[in-house]
Amino acid sequence: MTVYFIGAGPGDPELLTLKAQRLIAACPVCLFAGSLVPEQVVAGAPEGAIVKDTAAMTLDDTHGDILAAHKRGEDVARVHSGDPSLYGAIAEQIRRLRADDIPYEIVPGVPAYAAAAAALGQELTIPEVAQSIVLTRVSMQSTSMPEGETLENFARTGATLAIHLGVRNMREIERVLVPHYGLDCPVVVAYRVGWPDEMILRGTLTDIRKKVRVEKITRTALILVGPALGEVREFKDSALYNPDKPHVLRPVVGVDLVEDNNT
């Protein structure tokens, strides 16, 4: 048997990959993070399958179910939100699987920041405005951050920040980021992207906290911060399609390429 860690994407069942959909439909056991993954995502589990919401379960509980499936020789679909490589809490599960010599495979999914950008209808990397995205989080009640991985250190880069698990700490985020990004820096709070009650709040570092409070958003939200999130109209075209920037698949027009027999 194999345990499949499946990225379910941000919530929209249509954002499942074909592979994820196929595995969910084939595995006799399906364990899904119900607080972050809607039931529609696992609705395609086979008839008679064991389908469990793991929101109230412990690591011992879920591993116990996997051990039982292993003894029966049954594959397990372990369904996580977004992409399981990012804040998926799969590292500790994999450690136990390896200790018990249980095979596993990871199936990637659409991450929240990509779904949020799609909902915004824009690119996050704009030439000479923003070319880097920092995926990070704040500590609060979660495990502590490693030394050096502070929000202030990341803010010094000026990159677009994708902050997870921080919507209940908006005051501190504002305090730390304003000196580096300025009062009017664009901010987006994307709440439950891909769900029927999806909400996208746009604002700045000075007013977004009030907007979040008015909508009573306290969880399941991604915070995006950076100049690329504004209405940037004056920027250079990328070199990708620039006729004056040849590359191996698009040589300069009118210039014949002669094969070098020495290469």
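On a predicted model such as this, the values are computed, not experimentally measured, just so you know.

Asks: Just checking my understanding: could you explain the nonpolar core for this structure?
Replies: If you look at soluble globular proteins, the nonpolar side chains tend to sit buried side by side. Formed by 26 residues in total, the largest nonpolar core has its most connected members in Leu161, Ile163, Ile173, Leu177, Val189, Ile223 and Val225. Sorting elements by how many residues they give to this core places helix 6 (residues 170-181) first, with five residues.

Asks: What is the right way to read the pattern of salt bridges from this model?
Replies: In a structure, side chains of opposite charge can pair up when their charged atoms sit close to one another. Tallying each qualifying case throughout the model produces eight salt bridges. The shortest N-O distance in the salt bridge between lysine 19 and glutamate 105 comes to 2.6 Å. Here lysine 19, found in helix 1 (residues 18-24), pairs with glutamate 105, found in strand 5 (residues 104-107); they are 86 residues apart in sequence, far enough to count as distant. The salt bridge partner of aspartate 197 is arginine 192, with a shortest N-O separation of 2.8 Å. Residue arginine 192 is classed as buried on the basis of its relative accessible area of 16%.

Asks: Explain the sheet that holds strand 5 to me, please; I cannot follow it from the model alone.
Replies: Think of a sheet as strands paired side by side through backbone hydrogen bonds, with each pair either parallel or antiparallel. The five strands lie next to each other as 3-2-4-1-5, forming an open sheet whose pairing is parallel. Of all the strands in the sheet, the pair left with one neighbour each is strand 3 (50-53) and strand 5. Put simply, the sheet's adjacent strands are angled 15 degrees from each other on average, direction ignored. Sitting on the sheet, helix 2 (residues 59-72) is in contact with strand 1 (3-7), strand 2 (29-32), strand 3 and strand 4 (76-80), with an inclination near 165 degrees to strand 2.

Each value, and the rule that gives it
- Residues numbered from 1 in each chain as written.
- Predicted model: local features only at pLDDT ≥ 70, side-chain atom pairs only at ≥ 80, totals over all residues.
- Heavy atoms only, no water.
- Core = buried A, V, L, I, M, F, W, Y, C linked by side-chain atoms within 4.5 Å.
- Buried < 20%, exposed > 50% of the residue type's maximum accessible area, 1.4 Å probe, protein only.
- Helix = DSSP H or I, 4+ residues; strand = E, 2+ residues; numbered from the N terminus.
- Salt bridge = Lys/Arg side-chain N within 4 Å of Asp/Glu carboxyl O.
- Pairing = 2+ DSSP bridges.
- Axes fitted to C-alpha atoms, helices over the stretch in contact; angles between N-to-C directions.
- Contact = heavy atoms within 4.5 Å.

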